[in-house]
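Observations on the model geometry
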Amino acid sequence: MSFELIKKHGDHEEVLFVNNKKTGLKAIIAIHNTALGPALGGLRMVDYKTEEEALIDVLRLSKGMTYKAAASGLNLGGGKAVIIGDPKKHKTEALFRSLGAFINSLQGRYITAEDVGTTVQDMEHIFMETPYVTGISRALGGSGNPSPHTAQGVFMGIKAAIEMQLQEDSVKDMRIAVQGAGSVGGHLLEILYKEGAKVFISDIDTEKLKTLKEKYPNITIVDPKEILKTPCEVLAPCALGAVINDETLPYLQCKVVAGAANNQLESFKHGVQLHDRGILYAPDYVINSGGLINVFVELEGYSYERASEKTAQVYDNTKAIFSLAKEKSIPSHQAALDFAENRIKSISAIRETYHGRLLRPFSHLIGMKNRQK
Ligand code: NAD
């Protein structure tokens, strides 16, 4: 059953089921592809209803990480981990440390980070058992909160998109509708506001919007049901996945879709439909890669300046995808996929699998032989 699921969801290199009865740990680590480097991807803690649901989630998410890293030009592979459990009830230091010990046994083939249901503190518990973790606090040499970098990357993606679609090099006076004023949406709003854009924003959290309106009086608050219908140059989904679907597509009134939310297209065909309607889509995993870039810099020895510099490259990455799409007359989501797959394929010719930090081969056997002499 599991091998069938693996084949169906991406033909992963390795899937590790982790079980520690004493700490209550039940986790799955999925390594999708390591042709470009170690598999990096966050750790989710979710009270999955079934083990199959957890397995499908980790397989799907780890494959997504392969494409995100490849399209962003990073030397990273795709991986992800899930803990089956309620993050509000089942978290303990021992639980995360026991997972950390298993991650350590992979010798760097998989590197973890924060995701839904996990925090900096959880990463720091993992860090007690393994160096193969990112997203730890600045005090411990980590990169801290990735959201400002994700927002900066999304802004770079918006700039590339308006240049391509509208031949504009500035968002000044441009109408930009942001769905979701959370960690990324809030930071994006700040950047857009400073750049002089006319920002329309919605969130289901009215308190959050009240605070933002006090801070940025010129923004326009929009009802969450209306935000996708707002006439604008750029629609920036920064809340939920699958917002571009059969129901929403007919009433979009934007020229560009460029936001942070993961998996904005409900399915591949919705990308084709956006293209047919003349709306330029900045592929989500290309422009929301600032957070991944930030943790990648952590592996090199963290510097905020270096992370910002590298995140600015999202502009060039996005432009390269748009150019490829134009050259081949294909939708941009197809171009991003082709770009990522070609990069993986070409590097696979050099090395197909990253095997982690190799120990001296058979050193224990050599030791035995010496003793026998
Ligand atoms: P968040 O939880 O901080 O913010 C999401 C916001 O969306 C919340 O304020 C929530 O109230 C609001 N929201 C929920 N439903 C809504 C609706 N129907 N209409 C309007 N607003 C709604 O999350 P985040 O970290 O800002 O991430 C936003 C999106 O970007 C997610 O899809 C996430 O997966 C993706 N993303 C985030 C990062 C990162 O660095 N945080 C990196 C890559 C991708």
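Residues numbered from 1 in each chain as written. Predicted model: local features only at pLDDT ≥ 70, side-chain atom pairs only at ≥ 80, totals over all residues. Heavy atoms only, no water.

**Quick word on the site of the ligand**
Near the ligand you find 22 residues, and of these Thr150, Val184, Asp203, Lys208 and Asn262 are the closest. In the model, an oxygen atom of the ligand is placed 3.3 Å from a nitrogen or oxygen of the Ala239 main chain. Notes on the ligand: free accessible area 830 Å², of which the protein chains cover 73%. Secondary-structure elements contributing two or more residues to the shell around the ligand are helix H5 (147-166) and helix H6 (183-194). When its residues are assigned to classes, the shell around the ligand shows 10 nonpolar, 9 polar and 3 charged. (Near = heavy atom within 4 Å. Polar contact = N/O pair within 3.5 Å; in protein donor to acceptor, adjacent residues only side chain to side chain. Areas by Shrake-Rupley, 256 points an atom, 1.4 Å probe, with all protein chains shown as cover. Helix = DSSP H or I, 4+ residues; strand = E, 2+ residues; numbered from the N terminus. Nonpolar A, V, L, I, M, F, W, Y, C, P; charged D, E, K, R; others polar.)

**Some remarks on the pattern of salt bridges**
If you walk through the whole model with that rule in mind, you get 17 salt bridges. In this structure, Asp86 engages Lys89 in a salt bridge whose closest nitrogen and oxygen atoms are separated by 3.8 Å. Note that Arg175 is salt-bridged to Glu233, the shortest N-O span being 2.8 Å. Note that Arg175 is positioned in strand S7 (residues 175-179) and Glu233 in the loop between strand S9 (220-221) and strand S10 (234-237), a separation of 58 residues in sequence. By relative accessible area, Glu233 is classed as buried at 14%. Salt bridges linked by common partners bring Arg44, Asp57, Arg60, Lys80 and Asp115 together as one network. (Salt bridge = Lys/Arg side-chain N within 4 Å of Asp/Glu carboxyl O. Buried < 20%, exposed > 50% of the residue type's maximum accessible area, 1.4 Å probe, protein only.)

**Some words on the packing of aromatic side chains**
Following the criterion strictly, the structure yields 1 aromatic pair and no others. Note that Lys229 overlies the ring of Tyr251, its terminal NZ or CZ placed 4.9 Å from the centroid. (Phe/Tyr/Trp six-rings, centres within 6.5 Å; stacked < 30°, edge-to-face > 60°. Lys NZ or Arg CZ within 6 Å of the ring centre and 35° of its normal.)

**A few points about the packing of helix H12 (residues 314-328) against helix H13 (residues 332-348)**
Two numbers describe how H12 lies on H13: the axes approach to 8 Å, and their chain directions differ by 110°. Classified by the interaxial angle, the pair formed by H12 and H13 is roughly perpendicular. Here Ile321, Phe322, Leu324, Ala325 and Lys328 of H12 lie close against H13, whose contacting residues are Ser332, Ala335, Ala336, Asp338 and Phe339. Looking at the contact of H12 with H13 residue by residue, the class counts come to 7 nonpolar, 1 polar and 2 charged. (Axes fitted to C-alpha atoms, helices over the stretch in contact; angles between N-to-C directions. Parallel < 35°, antiparallel > 145°, perpendicular 65-115°, else oblique. Contact = heavy atoms within 4.5 Å.)

**Some words on the nonpolar core**
Membership of the largest hydrophobic core comes to 66 residues, with the highest contact counts inside it found for Ile29, Ile83, Ile158, Val171, Val178, Leu188 and Leu192. Among the elements that make up this core, the one with the highest residue count is H5 (8 residues). Apart from residues lying up to four places away in sequence, Ile29 is in contact with Glu14, Val15, Leu16, Val18, Lys80, Ala81, Leu99, Ile103, Leu106 and Tyr110. (Core = buried A, V, L, I, M, F, W, Y, C linked by side-chain atoms within 4.5 Å.)

**So, unusual backbone geometry**
The phi torsion at Asp11 lies on the positive side, around 55°, for a residue other than glycine. Topologically, Asp11 is positioned in the loop between helix H1 (2-8) and strand S1 (14-20). Look at Ser329: it is not a glycine, yet its phi comes out positive at around 50°.

**Looking at the domain arrangement of the protein chain**
Domain assignment breaks the protein chain into domain 1 (2-64 + 77-133) and domain 2 (147-343). With centres defined by C-alpha atoms, the gap from domain 1 to domain 2 works out at 28 Å. The interface is formed by 5 residues belonging to domain 1 together with 6 residues belonging to domain 2. For the pair domain 1 and domain 2, the summed buried area comes to about 450 Å², and 70% of that belongs to carbon and sulfur atoms. For the domain 1 face of the interface with domain 2, the top three residues by lost area are Leu36, Leu40 and Ile111, together amounting to 68%. At the junction of domain 1 with domain 2, the criterion picks out 0 salt bridges. Remark: the boundary between domain 1 and domain 2 carries 0 residue pairs in polar contact (both at pLDDT 80 or more). Here the side of domain 1 that touches domain 2 is composed, by residue class, of 4 nonpolar, no polar and 1 charged. (Domains from an automatic or database assignment. Buried area = accessible area lost by both parts, 1.4 Å probe.)

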